[in-house]
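# Close look at the chain arrangement
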Amino acid sequence: MSTDNPAAFDWAALSYTEISENLAEGQRWSTWRSVDRLSRGPQPRPSWLVTSQAAIDTELGILKTGKEADVFLLERAVPGAESCLLAAKRYRSSEHRLFRRADSYTEGRRGRDSRENRAVRLKSGFGRQIEAARWAQAEFATLKLLWSAGVPVPYPVQVDGGEILMEFIAEGNAAAPRLAQCRPSVDQLRWLWPQLVEALIRFGRLQLAHGDLSPFNLLVRGLDGAEPELVVIDVPQVLDLVGNPNGAEFLHRDCRNVADWFVRKGLDVDADALFAEVVAAAW
Ligand SMILES: Nc1ncnc2c1ncn2[C@@H]1O[C@H](COP(=O)(O)OP(=O)(O)O)[C@@H](O)[C@H]1O
Ligand SMILES: [Mg+2]
């Protein structure tokens, strides 16, 4: 692109080909139009979401690198007209953790011995790519289900190969912090806890357990006010409470991870009581 500032560039005066020629590194045409309907988020779509065919995605930077995925900040915009910020979670394909963890989490979920499964076992480049796409698809499907059931998760925008685009959970003009990094007042803790209970009960009604719940997979926004909001993230390993023989055990661990944190911060809550409530919602 011939300018450092995309907003200053007169996109409107250019043809499709001219814009294509002017896309800079870190920019692409919005991939919204190239994914099929099932790979898009649930209806009704939030009004902030840019779905224009003319939108351009610009990578603004990396939010976090993880063991199995990296999360990037992306702007989807029709320059000069509308824009939104998205989090792009991209599964990397080589990590052993994916393979090791896969066993106990996906027990009872066995597929055909397809060319794909063999490729995954062989850990070929193709196999790793498929494995990344499977995790992205699994997480995206779960986000859709949770969103539609009223669980506070980022709105799932689309999935494409190993990349999920979702609502960027912001606090001011930065990413919302993880609960683990926050120092809420006791009043704020008292406000946050019922949100967590309600979210887990909704998981329970779907007969699901998060499977990796901790103060690191909860984002908080609005901590400068009296009514902060919790958002649950990181759900690729969500498991079936009924079908998975380890389901209850994972749920119990989830409950302990979060309840213990609240207790350490000074709120008198009980992991076993939370566990019992979620179990009651599931059966
Ligand atoms: N939708 C989002 N909005 C803002 N930040 C996010 C979002 N999704 C992820 N993040 C940030 O990226 C980090 C990693 O994402 P996560 O889904 O937990 O993947 P993993 O822990 O497997 O690397 C999170 O802890 C959070 O800081
Ligand atoms: Mg995480």
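In the block above lies the structure referred to throughout.
Conventions adopted
Residues numbered from 1 in each chain as written. Chains lettered and ligands numbered in written order. Predicted model: local features only at pLDDT ≥ 70, side-chain atom pairs only at ≥ 80, totals over all residues. Heavy atoms only, no water. Helix = DSSP H or I, 4+ residues; strand = E, 2+ residues; numbered from the N terminus. Polar contact = N/O pair within 3.5 Å; in protein donor to acceptor, adjacent residues only side chain to side chain. Contact = heavy atoms within 4.5 Å. Donors = N, O, S within 2.8 Å, 3.2 Å for Na, K, Ca; no water. Buried < 20%, exposed > 50% of the residue type's maximum accessible area, 1.4 Å probe, protein only. Pairing = 2+ DSSP bridges. Expected span 1.5 Å × (residues − 1). Salt bridge = Lys/Arg side-chain N within 4 Å of Asp/Glu carboxyl O. Arc of directions from axis to C-beta. Core = buried A, V, L, I, M, F, W, Y, C linked by side-chain atoms within 4.5 Å.

### Re the side chain of Thr-31
- Tracing the chain through its elements places Thr-31 in the loop between strand S1 (27–29) and strand S2 (56–65).
- At a separation of 3.5 Å, a polar atom in the side chain of Thr-31 contacts the side chain of Arg-28.
- Not counting residues within four places of it along the chain, the set of residues in contact with Thr-31 comprises Asp-57, Arg-76, Gln-158, Asp-160 and Leu-165.

### Regarding the coordination of the magnesium ion (ligand 2)
- Bound to the magnesium ion (ligand 2) are the protein donor atoms Asn-217 (OD1) and Asp-234 (OD), situated 2.1 to 2.2 Å from the metal. Taken together, the residues Asn-217 in the loop between strand S9 (208–209) and strand S10 (218–221) and Asp-234 in the loop between strand S11 (229–232) and strand S12 (239–240) connect sequence positions 17 residues apart. Of the two residues, Asn-217 and Asp-234, both sit in the buried class.

### Details of the pairing of strand S4 (residues 82–91)
- Two strands pair when backbone bridges link them, and strand S3 (residues 69–78) and S4 are joined in this way by ten bridges, in the antiparallel orientation. Considered in S4, the bridge of Leu-74 is made with Leu-86.
- Examined bridge by bridge, S4 and strand S6 (residues 163–167) share five bridges and lie antiparallel to one another. Bridge pairing in S6 links Lys-89 to Ile-164.

### Quick look at helix H4 (residues 125–148)
- Taking 1.5 Å of rise per residue, the 24 residues of H4 would be expected to cover 34 Å, and the 35 Å separating its terminal C-alpha atoms lies within 8% of that figure.
- Along H4, the residues classified as buried are Gly-127, Ile-130, Glu-131, Ala-132, Ala-133, Trp-135, Ala-136, Glu-139, Phe-140, Thr-142, Leu-143 and Leu-146.
- Looking one or two places after H4, you find Gly-150, whose phi comes out positive at around 85 degrees.

### A few points about the pattern of salt bridges
- Using the criterion set out here, one finds 13 salt bridges in the structure.
- Residue Lys-89 is joined to Glu-139 by a salt bridge in which the shortest nitrogen-to-oxygen separation is 3.1 Å. In this pair, Lys-89 sits in strand S4 while Glu-139 sits in helix H4, placing the two residues 50 residues apart along the sequence. For the pair Lys-89 and Glu-139, a shared accessibility class is recorded, and that class is buried.
- Asp-234 is paired through a salt bridge with Lys-89; the nearest N and O atoms lie 2.9 Å apart. Of this pair, Asp-234 sits in the loop between S11 and S12 while Lys-89 is found in strand S4, placing the two residues 145 residues apart along the sequence.
- Classification of Asp-234 by relative accessible area gives buried; the value is 18%.
- Since its relative accessible area comes to 7%, Lys-89 is described here as buried.

### Some thoughts on helix H6 (residues 247–264)
- Between its terminal C-alpha atoms H6 stretches 26 Å, which fits the 26 Å expected from 18 residues at 1.5 Å a residue.
- Buried residues of H6: Gly-247, Phe-250, Leu-251, Asp-254, Cys-255, Val-258, Ala-259, Trp-261 and Phe-262, and no others. All buried residues of H6 lie within an arc of 155 degrees about the axis, which places them on one face of the element. Opposite its buried face, H6 presents the exposed residues Glu-249 and Arg-264, each directed more than 90 degrees away.
- Just beyond H6, the residue with positive phi is Gly-266, at close to 110 degrees.

### Quick look at the nonpolar core
- With 51 residues, the main nonpolar core has Ile-164, Trp-193, Phe-203, Leu-218, Phe-262 and Leu-274 as its most contacted residues.
- For this core, the element with the highest residue contribution is helix H5 (residues 186–205), accounting for nine residues.
- Once residues lying within four places of it in the same chain are set aside, the contact partners of Phe-262 are Leu-179, Leu-189, Leu-192, Trp-193, Leu-196, Leu-267 and Val-269.
- Of all hydrophobic cores here, the second largest spans 13 residues; its members include Trp-32, Val-50, Cys-84 and Ala-88.

### Thoughts on the pairing of strand S5 (residues 156–160)
- In terms of burial, S5 is largely enclosed, as four of its five residues are buried.
- In this structure, S5 lies alongside S6, joined through four bridges in antiparallel fashion. Residue pairing in the sheet places Asp-160 in a bridge with Glu-163 of S6.
- Between S5 and S6, which pair antiparallel and follow one another directly, the connecting turn spans two residues, one of which, Gly-161, has a positive phi of 60 degrees.

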